[in-house]
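# Overview (structure and organization)
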Amino acid sequence: MAPVVQSSQPWVEKYRPRQVKDVAHQDEVVRVLTNTLETSNCPHMLFYGPPGTGKTTTALAIAHQLFGPEMYKSRVLELNASDDRGINVVRTKIKNFAAVAVGSSRQGGYPCPPFKIIILDEADSMTEDAQNALRRTMETYSKVTRFFFICNYISRIIEPLASRCAKFRFKPLTEEIMGSRILHICREEGLSLDSEALSTLSSISQGDLRRAITYLQSAARLFGSSISARVLISVSGVIPNEVTQAIFSACRSGNFDLANKEVDNVIAEGYPVSQMLSQLYDIVIDADDISDEQKARICKKFAEADKCLVDGADEYLQLLDVASTTMQALTNMPQDMACES
Amino acid sequence: MKKAKRNAAIVISSSDDDEDFSLKSNFTHSKPKSQSKSASVPRKNPKRAKTALLSASCPRSSKEASGFDEMKRFCEEFKDNFTGIKVSAGLQSNNAMWVDKHKPHFLEELAVHKKKVEEVKIWFEERLHAAMDDHNNALLVAGPSGVGKTATLYAIASHLGATIWEWNTPTPTVWSEHLYNANSGLQYMSKLDEFEGFVERVRKYGLTSPTLKGSQASVILLVDDLPVVNGRVAYGKLQKCLKLLVQLVRIPTAIVITNYDKDDSADFSTRCWEELLVSLHNAGACKVNFNPVTINSIKKTLTNICRKEQREVSADTIELIAKSSGGDIRHAITSLQYLCLNPHRRPILPLKERPDNSICLDDAFSLPFGKDETLSIFHALGKFLHNKRENDLATASDRDAFILKEKFMRFPLKMDAPEVVLCQAHGQARTLSDFLHENVLDFLNEEAIDDAWLVASYLSDAEFLLSSLNGLLTRDFGAENIVQSAAASVAARGVLFGNAHPVPSRWHAIRRPKLWEVEQSLRRNKCQMLSLRGDLCNSLTLSNQIVMATEYRPALKWLGCRASESFQADDMVEDDSGSTCFHEKKLDMSDDEIEDW
Amino acid sequence: MLWVDKYRPKTLDKVIVHEDVAQNLQKLVSAGDCPHLLFYGPSGSGKKTLIMALLRQIFGPSADKVKVENKIWKVDAGPRTIDVELTTLSSTNHVELSPSDAGFQDRYVVQEIIKEMAKNRPIDTKGKKGFKVLVLNEVDKLSREAQHSLRRTMEKYSASCRLILCSNSSSKVTEAVRSRCLNVRINAPMEEEIVNVLDFIAKKEGLQLPQGFAARIAEKSNRNLRRAVLTFETCRVQQYPFTNNQAIPPMDWEQYLSEIASDIMKEQSPKRLFEVRGKLYELLTNCIPPEIILKRLLFELLKKLDSELKHEVSHWAAYYEHRMRLGQKAIFHLEAFVAKFMSIYKSFLISTFG
C-alpha cells in the first residue's frame, strides 16, 4: 500500500469517533453499549437506522475498544456491500474467518474477549440466500464469533437473523447536533462557515452527517477555506430553489411553451432530473393552495417518471411530461388520456 | 410389445449359463423379420439386444474373469451378423436414399439455374487452364441448405474431368468419448484446431506435391462442412484460417458456406457469417450465391425420379411437395421418398376430396413434410393480416353475456383462435412480429389511422415483451417460452383487433422485414464510424458515437473535408450494395414462395 | 484540423467558458493530488475539454502525447476467459476509454483495466505523480453491475489510480459512485458565452464577424458549444464574408426530421405512416440514435401544434421513449409514437373543422 496522501483522506474517516461514548446523539444505544463494553461480553447485534447516523462508527468503535489496534486485524472482519457478498462469500470467507478459534488474552489494556467480530455493513443488500446461509454459520460458530449487522431497513433482514440479534435503532440527527459536529470540523480544518451556510448544509444533508461532512470536504477542496451556502449547494448537486420555483411557477401559469423553456433550461444546466423530481415533490406537498386531488395526480406522475428514469428513460422527455401533467392538474384541465396504458 | 417381450426373454436366458444360445435365438428371431420389414428396423433391433446383453452380463463378469472375454467374442459375432443384415437389407432396392441414388452426375441433370452452373463452370475452367500463380484461386459458394451447391461442384468436376479432393472433416468427438480419452492421455482436438492444422499444411507445402501434379492434371480442392464455431474467439480463428487459405491456396478451391437462412440479424452467428463472407471476399475470393431452386425445376426433377423409380405420383402431389420444400431440393426428394414409402398413407387424399383447391394450399403446413417455419409462418401471417371475419354478429349474439362498447366490438374471426394458428406455424415470435410490423400497414383501411395506432401500440407491446427476455441474466427457459408465446399472441391478436376496418381482401405480396436490412447496415456503419473515430477528429479525446453521428459527420459533410470524402464514398457503396441485394432477395421471395397464397 | 479541435483550450488558464470551474480545478490539483472526479453536464458543454486541460495541468505536456489503440483485455469471468476489445487512448500517465462500448462485459473491463494500471504504477520519483489517471467516458451508460464493481475498485486502488468519470447526466450514476467522487457540474454555456467563443475564433482566424450573425449561430446551436463551432466553420466554408442574414446550414438529419414532421402534419394515413417509417429507417441507418430522433421529432411537432395538443403529445413521447429504452427494436416504438400523433391530430382536425 502506498502511503495515503494526507489531503486525500476523507474527513469522514478522519473525524470518525473512536470511542462509543463519542457517538453523537444516540444516547440509549451508547448507554447500553457502554455496559456491554465493561462486562466485555456482547450478543450479536443489529444496528439499523437512516444513513449517516453513526451505525458503522459505533460498530467500529466497539471493535476497537474491545481489541485495540494490535489485535484488531486478526479479530475483526469487515465486509461491506462493495465486496462481493454472494452466497459463496458467506460460505467461505466468513466460515474461514470464524472457524479459527481464539483464546482470551488480555493485551495492552484492552479487554480482548475470546471471540471474533464480523461486521457486515449494508446487510440489507445481501441476497436472501446469503442471509439464510449465514443463519447456520451464526449458530455453528456462536461460541467464537459475534456478528454485527448494519443496515438501513430492518425489514430487509430476514426474520431468523433479526431475532438472533440485539437490535439498536439509530435516530436521525437533529440540526443542533449536526451543527456542532460540523463546526468542530471547521475549527479543526480552519474553515470559515457562516450561519446561513451551516443551516443550508444541515438542510441539504437531511440528517445524514456523513453526507454533510462529504459536502463540506468537497466544497473546501474546490473552493478553498471560506464556504458559502451557494458553494455548498453547487457541490451537493442540490438544485437551487430559484430553478425549482421557476419551473413550478411555469406550471402554474398554464403556458406550455414557458414550461418547455424552463425544462430545456434545467437540462442545459445539467441538473439531475431525479433530484429535480424530489425537490418538486417537496414543493408540491408543502403547497397549501393545491387540493388533495391535484396533489395526488401530480405525485402519481412523479412516481411514474421516477421509475422511468431508473429504467434509463430520457431526462428531458420525462421532465417535460411531468411538467405538462402538473400544469394540467394545477389548471384543472381535463385529463383526456383515457386509454392510458 | 413383441420386442419388449423378446428382450425380456434375452435377459432371463443370459442370466442362465447358456449365453450362446440366447444370442443365437435372438438372431434367428430377428433375421427373417427384419428382412421383411423396411431397413430401419433391423438396425434398431441388434442394438437393443446388445444393450440387454451387456446389462445382463455385467454382474456376471464381476464374478467370473472369463465372462468378459466371452462377452467380447459375442459382440464380435454380433457385429458380423449385424453387417450381414445390413448387406442383405441393402439388396432391397428401395432402401437407398433417393437423394444419393439420384444424385446428378451430369450438368444437365442439375436442378440449379443454368446460368449459375455456367458461371461456376467457367470459373473452374479458367482456373484449371490458367497458370498456377494466379492468386485468385478460391471460390465461395454460398446459399441455403439443399439447393445443390455440392452437387453442382461435383457435377462440374466430373464434367471437366477433374478430381475433387475434399477436406475430410474428422468425426466429431463425443463428450463421453472425450472424457474417456482424457484418461488415456489423448488430447481433445476440436474440428477447428484440425482445420487450422490443415490450413497450416496448405500454407507450408502449397498442396502441389509433384505426384499430384504429375498424375492428374486437374485437382479441385473442396472445403465443405466448415467447423462449427461458437463465440467470437473461435469465430475469429476460423476467419483467420479461411482468409489464409483463400490467399495461399494454389489450386482451385471451392469453399461451401451454408447460410442457415436465419434472417434475424439480432442473431450473433448470422452476423458472423456475414462478416466472414465479406472478409473473404475482400481477401480475393470469388463469390457465387446460390438461390433456392425454383419450383419448376424441383417439379421436373421429382417427376424424373418418379419415372425412374416407377412410382405413380400425381402431378398435384409433386407440385405440393415442390412448393412446400421452399427451394430445398434435397428436402423435396426426401419427402417424395417418404410419400412413396407407404403408398397407403396417401396424405394427399384430403386434397382431392376438398372442392376448393386453394384452401388445401393454405393448409399445407398440416402435411407431414412442410419444409420449415418460414413458409408456414407465411400462412399464419396471411390469416392475421387479411383478418377475415364473419359479416354479421348473428353467430355470436347468443353468447352475448355482456355488451361491449361499440369501439371494442369485432365480428367473430373466420379462423381458429390465433394461438392455434401460431402453434401450427410454430414460428419464432420475433420473426412473426417483425413480419407483422413490416406488412400490416398495407392491410389497413386507408383512412383508419386510429387503427394504425392501435396496431402499432400492440406491436410495441409485443416487442417490449420480447426484449424483456434478453434482460434475464439467468436464462430461465420456462419463463422464456411463456414470454415468447405471450408476445406472439399479443402481436397477432393486436393486429387482428386493431385492424377494425379490414380492407376487402386483395392480393398483396408479403415483404421481408426491411428492419433486418436496416439493422445490418446500421451495424456496418457503426463499425465504420468507430474505426474512423481516431482519424476523423484527431483530438486528444475519444468522442462518443452519438456526437460523431449527430454533429461531426453532418458538419464534415458540409465541409467536404478530405477525411470525410473517403468515408462518404464508402458509405454510398455500402448503401448501394445493401439496397440492391435487398431488392434481389425481395424478388426471390415473391417469385418463389409468396405469390401462391 | 477542425476548429473545434484547433481552438480547444489546452490548459486550464486558457479556458474561456467555464472560467470559475477551471480556476477551482487549478486550485484543487495545485496541492499535487486530486480526488476522484465526476464531471456531468449536457453534451457539448465542455466536459472533455476541461478534463484534458486538467490532465495537462497535473502531468504537464506529456499528457498530450497520446496514442490510440485497440486493446484486447483478457478477463477471467468465473469459469471462462472472455476477450473484450476496446479502443483506448493513452499517454504515459493516463488512459481514456468508453467502457460502455463493451456492452455486457463492461464491468469486467472496468475492474481489469484498473487492476492493470495499478500494477504498473509509475514510481514516485522527483516530483512525478505516484498515480495514473483513468478517464471513463459515458459512465451513465454503464450497467448497474459495472457501476457497482466500480465503487469497490475505486476504493481498493485509490492510492495508485485516480478516476475521472464523465457523464451526461448524474442521475444515471449510482449514489455510491457519486458519493465517492467530487462532483463537478458543467452546465451548457449561455448563448452570450458562445458568442464570445465565436468572436475569439473569428479574431484568431482573422475573420470579419457581424455581431448578429454569431448570435444567430449561438441560438441555433441549442447551447451546445461544439455544435456552434462546427456550424460556424461550415458557414465559413459556404459563404465568406459573412452577411447578417446568411443561411445557417442545419444538420442534415435535423433537416430531414423537420421534413418528416411536416409530412406527418400534412396527411394522416397508414400509407403516410409507412412512408414515414421508411424515412426513419434511413435516419437509423445513419447511426442517429432513436431517442434523439424522437426528441427532435417532438420538438418539430410541438412547433407546429396548438397548445391543447401539446400536453398529450409530449406525454406520449415520454411514454414511447421509455418503451424504447426497455425494448430492443426502436422502430416499433417510434412508429407507434408517430401513429399516435397522427391519430390525435386527425381527431383534433375533425373536431375543429368538422
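Residues numbered from 1 in each chain as written. Chains lettered and ligands numbered in written order. Predicted model: local features only at pLDDT ≥ 70, side-chain atom pairs only at ≥ 80, totals over all residues. Heavy atoms only, no water.

## Concerning the overall build of chain C
Rules: Numbering goes from the N terminus for both helices and strands, where a helix is a DSSP run of H or I of at least four residues and a strand is a run of E of at least two. Exposure categories follow from relative accessible area, calculated using a 1.4 Å probe and restricted to protein chains: below 20% of the type maximum is buried, above 50% is exposed, and the middle band is partly exposed. Pairs of residues are marked as contacts when any of their non-hydrogen atoms sit within 4.5 Å. For accessible areas, the Shrake-Rupley method is used with a probe of radius 1.4 Å. Any residue's cover is judged against the shown protein chains and nothing else.
When helices and strands are tallied, chain C shows 14 helices and seven strands. Burial statistics for chain C: of 354 residues in total, 61% are counted as buried. Considering only contacts in chain C between residues 6 or more positions apart, those separated by 24 or more positions represent 69%. Accessible surface for chain C amounts to roughly 14,200 Å². Of this, 49% is attributable to carbon and sulfur atoms.

## Considerations on the overall build of chain B
Within chain B one finds 26 helices and five strands. Counting every position in chain B, which comprises 597 residues, the buried fraction comes to 43%. A total accessible area of about 31,900 Å² is found for chain B, and carbon and sulfur atoms account for 56% of it.

## Some points on the sheet that holds strand S3 (residues 116–120) of chain A
Residues and elements named next belong to chain A. The criterion, for reference: The pairing criterion for strands is at least two bridges between them, as found by DSSP. Only the stretch in contact is used when fitting a helix axis, every axis being a line fitted to C-alpha atoms; angles between N-to-C directions are given from 0 to 180 degrees.
Strands sit in the order S2-S3-S4-S1-S5 across an open sheet of five strands; the sheet is parallel. The open sheet has two free edges, formed respectively by strand S2 (76–79) and strand S5 (166–169), since each of these has just one partner strand. Strand-to-strand, the axes of this sheet are offset by a mean angle of 15 degrees, without reference to chain direction. Pairing between S3 and strand S4 (residues 145–151): five bridges, direction parallel. Its bridge partner being in S4, Leu 120 is matched across the sheet by Phe 149.

## A look at the packing of aromatic side chains
The condition is simple: Pairing of aromatic side chains requires ring centres within 6.5 Å, counting the rings of Phe and Tyr and the six-membered ring of Trp. Pairs whose planes differ by under 30 degrees are stacked, by over 60 edge-to-face, and all others tilted.
Under the definition given, this model contains 16 aromatic pairs over all chains. Consider the rings of Trp 3 of chain C and Phe 232 of chain C, whose centres lie 5.4 Å apart with planes at 55 degrees: the pair is tilted. One end of the pair, Trp 3 of chain C, is in helix H1 (residues 3–6); the other, Phe 232 of chain C, is in helix H9 (residues 225–238), with 229 residues separating them in the sequence. In this pair, the class of Trp 3 of chain C matches that of Phe 232 of chain C, namely buried. Taking the centre distance of 5.7 Å and the plane angle of 10 degrees together, the rings of Phe 341 of chain C and Tyr 345 of chain C count as stacked. Of the two residues, Phe 341 of chain C and Tyr 345 of chain C are both situated in helix H14 (residues 330–353); the distance of four residues between them amounts to about one turn of the helix. Each member of the pair, Phe 341 of chain C together with Tyr 345 of chain C, is buried. By the ring-pair criterion, three or more aromatic residues cluster together here, those being Phe 47, Phe 148, Phe 168 and Phe 170 of chain A.

## Re the interface of chain B and chain C
Short version of the rule: A quick way to say it: buried area is the sum, across both parts, of accessible area lost when two parts are put together, with a 1.4 Å probe. We define a salt bridge as a side-chain nitrogen of Lys or Arg found within 4 Å of a carboxyl oxygen belonging to Asp or Glu. Residues adjacent in sequence count toward polar contacts only when both atoms are side-chain atoms; beyond that, a polar contact is any pair of N or O atoms within 3.5 Å, and within protein one must be able to donate a hydrogen and the other to accept it.
The interface of chain B with chain C comprises 61 residues on the first partner and 65 residues on the second. Both sides together, the interface formed by chain B and chain C hides about 5,700 Å², and carbon and sulfur atoms give 62% of it. Joining chain B to chain C, the criterion identifies four salt bridges. We note a salt bridge from Arg 277 of chain C to Glu 438 of chain B, for which the minimum N-O separation is 3.7 Å. Counting the contacts that link chain B with chain C gives 15 residue pairs in polar contact (both at pLDDT 80 or more). For the side of chain B that touches chain C, the secondary-structure elements that each account for two or more residues are helix H21 (429–439), helix H22 (449–471), helix H24 (514–536) and helix H25 (545–559) of chain B. Counting residues per element, the side of chain B that touches chain C draws most heavily on H25 of chain B, which supplies 14 residues.

## Remarks on the nonpolar core
Keep this limit in mind: Among the buried residues, those of types Ala, Val, Leu, Ile, Met, Phe, Trp, Tyr and Cys that are joined through side-chain atoms within 4.5 Å form a nonpolar core.
Counting residues in each nonpolar core, the largest one holds 111 residues, and the members touching the most others are Phe 384 and Leu 436 of chain B together with Leu 297, Phe 337 and Val 338 of chain C. Broken down by element, this core gets its largest block of residues, 13 residues, from H14 of chain C. Not counting residues within four places of it along the chain, the set of residues in contact with Leu 297 of chain C comprises Leu 257, Ile 260, Ala 261, Ile 264, Phe 337 and Val 338 of chain C. The next biggest cluster of nonpolar side chains, apart from the first, holds 54 residues, and it includes Trp 11 and Val 12 of chain A together with Leu 28 and Ile 58 of chain C.

## Comments concerning the environment of Phe 39 of chain C
Residues and elements named next belong to chain C. Its place among the elements puts Phe 39 in strand S1 (residues 37–40). The buried category is assigned to Phe 39, whose relative accessible area is 0%. Between the C-alpha atom of Phe 39 and that of Ser 169, which follows or precedes it by 130 residues, the distance is 9.2 Å. Among all residues touching Phe 39, those that are not within four sequence positions of it are Leu 25, Lys 47, Leu 50, Ile 51, Leu 54, Ile 164, Leu 165, Cys 166, Ser 167, Val 184 and Ile 186.

## What about unusual backbone geometry?
Residue and element names in this part refer to chain C. Of note in this structure, Glu 138 is not a glycine but carries a positive phi near 50 degrees. Within the secondary structure layout, Glu 138 lies in the loop between strand S5 (132–136) and helix H5 (144–156). Within the chain, Asn 222 stands out as a residue other than glycine whose phi angle is a positive 60 degrees.

## A look at the pattern of salt bridges
Residue and element names in this part refer to chain C. Counted according to the given criterion, the structure contains 29 salt bridges over all chains. Residue Glu 267 is joined to Arg 272 by a salt bridge in which the shortest nitrogen-to-oxygen separation is 3.2 Å. We classify Glu 267 as partly exposed; its relative accessible area is 30%. For Arg 272, a relative accessible area of 14% gives the class buried. Put simply, Glu 321 and Arg 325 hold a salt bridge, and the shortest N to O gap is 2.9 Å. With Glu 321 and Arg 325 both in helix H13 (residues 307–326) and four residues apart, this pair spans about one turn of that helix. We classify Glu 321 as buried; its relative accessible area is 1%. Residues participating in the shared-partner salt-bridge network are Arg 227, Glu 254, Arg 296, Glu 300 and Lys 303.

## A short note on helix H10 (residues 252–266) of chain C
To keep things clear, this is the line we draw: Here the expected length of a helix is defined as 1.5 Å per residue gap, with one fewer gap than residues.
The terminal C-alpha atoms of H10 of chain C lie 21 Å apart, and with 15 residues this matches the ideal 21 Å at 1.5 Å per residue to within 8%. Buried within H10 of chain C are the following residues: Trp 253, Glu 254, Leu 257, Ser 258, Ile 260, Ala 261, Asp 263, Ile 264 and Met 265 of chain C.

## Considering the confidence of the model for chain C
Residue and element names in this part refer to chain C. Our working definition: What pLDDT reports is the predictor's confidence in each residue, on a scale of 0 through 100.
Across chain C, the average pLDDT comes to 82, with 92% of residues at or above 70. Element-level pLDDT for chain C is lowest in helix H4 (residues 106–119), with a mean of 72, against a maximum mean of 91 in helix H12 (residues 290–304). Overall fold confidence for the complex sits at a pTM of 0.69, while the interface term, ipTM, reaches 0.87.

## Some points on the side chain of Thr 325 of chain A
Residue and element names in this part refer to chain A. Within the fold, Thr 325 resides in helix H15 (residues 315–330). Since its relative accessible area comes to 6%, Thr 325 is described here as buried. Here Asp 321 takes part through its backbone oxygen, which lies 2.7 Å from a polar atom of the side chain of Thr 325.

## Observations regarding the pairing of strand S3 (residues 219–223) of chain B
Burial of S3 of chain B is extensive: five of the five residues sit out of reach of the surface. Burial along S3 of chain B is two-sided: the residues Val 219, Leu 221 and Val 223 of chain B and Ile 220 and Leu 222 of chain B are all buried.

## Describing helix H3 (residues 55–75) of chain A
To be explicit about the condition: The angle separating two fitted axes, one through the seven residues that finish at a residue and one through the seven that start at it, defines the bend at that residue.
Over its 21 residues, H3 of chain A extends only 19 Å from the first C-alpha to the last, a length that falls short of the 30 Å expected when each residue adds 1.5 Å. The largest bend in H3 of chain A comes to about 110 degrees, at Gly 68 of chain A, with the proline Pro 69 of chain A one to four residues further on.

## A closer look at the environment of Tyr 240 of chain C
Residues and elements named next belong to chain C. Take Tyr 240: it is sitting in the loop between H9 and H10. Taking relative accessible area as the criterion, Tyr 240 reaches 33% and is therefore assigned partly exposed. The spacing of Tyr 240 and Leu 209 is 31 residues in sequence and 9.8 Å in space, taken between C-alpha atoms. Once residues within four sequence positions are removed from consideration, Tyr 240 is found in contact with Gly 206, Leu 207 and Gln 208.

## A short note on the packing of H15 of chain A against H13 of chain C
Condition: Take the far helix as the reference: if the near one is turned anticlockwise from it by less than a right angle, the crossing is left-handed, and if turned clockwise, right-handed. Gly falls in the polar group here, along with every residue not listed as nonpolar (Ala, Val, Leu, Ile, Met, Phe, Trp, Tyr, Cys, Pro) or charged (Asp, Glu, Lys, Arg).
Running from N to C, H15 of chain A and H13 of chain C cross one another at 145 degrees; their axes reach a closest spacing of 9 Å. Once H15 of chain A is placed against H13 of chain C, the crossing between them reads as left-handed. Touching Leu 317, Gln 318, Leu 320, Asp 321, Ser 324, Met 327 and Gln 328 of chain A of H15 of chain A are His 311, Ser 314, His 315, Ala 317, Ala 318, Glu 321 and His 322 of chain C, all from H13 of chain C. Class assignment for the residues of the contact of H15 of chain A with H13 of chain C results in five nonpolar, seven polar and two charged.

## Comments concerning the confidence of the model for chain B
All names here are of chain B. When pLDDT is averaged across chain B, the result is 63; 51% of the residues are at 70 or more. Averaged pLDDT values over the elements of chain B bottom out at 35 in helix H17 (residues 357–362) and peak at 83 in H21. Residue range residues 209–216 is modelled with pLDDT below 50. Its contacts to residues more than four positions away, or to other chains, number four contacts. The model gives residues 561–597 a pLDDT under 50, and that stretch makes 46 contacts with residues more than four places away or in other chains.

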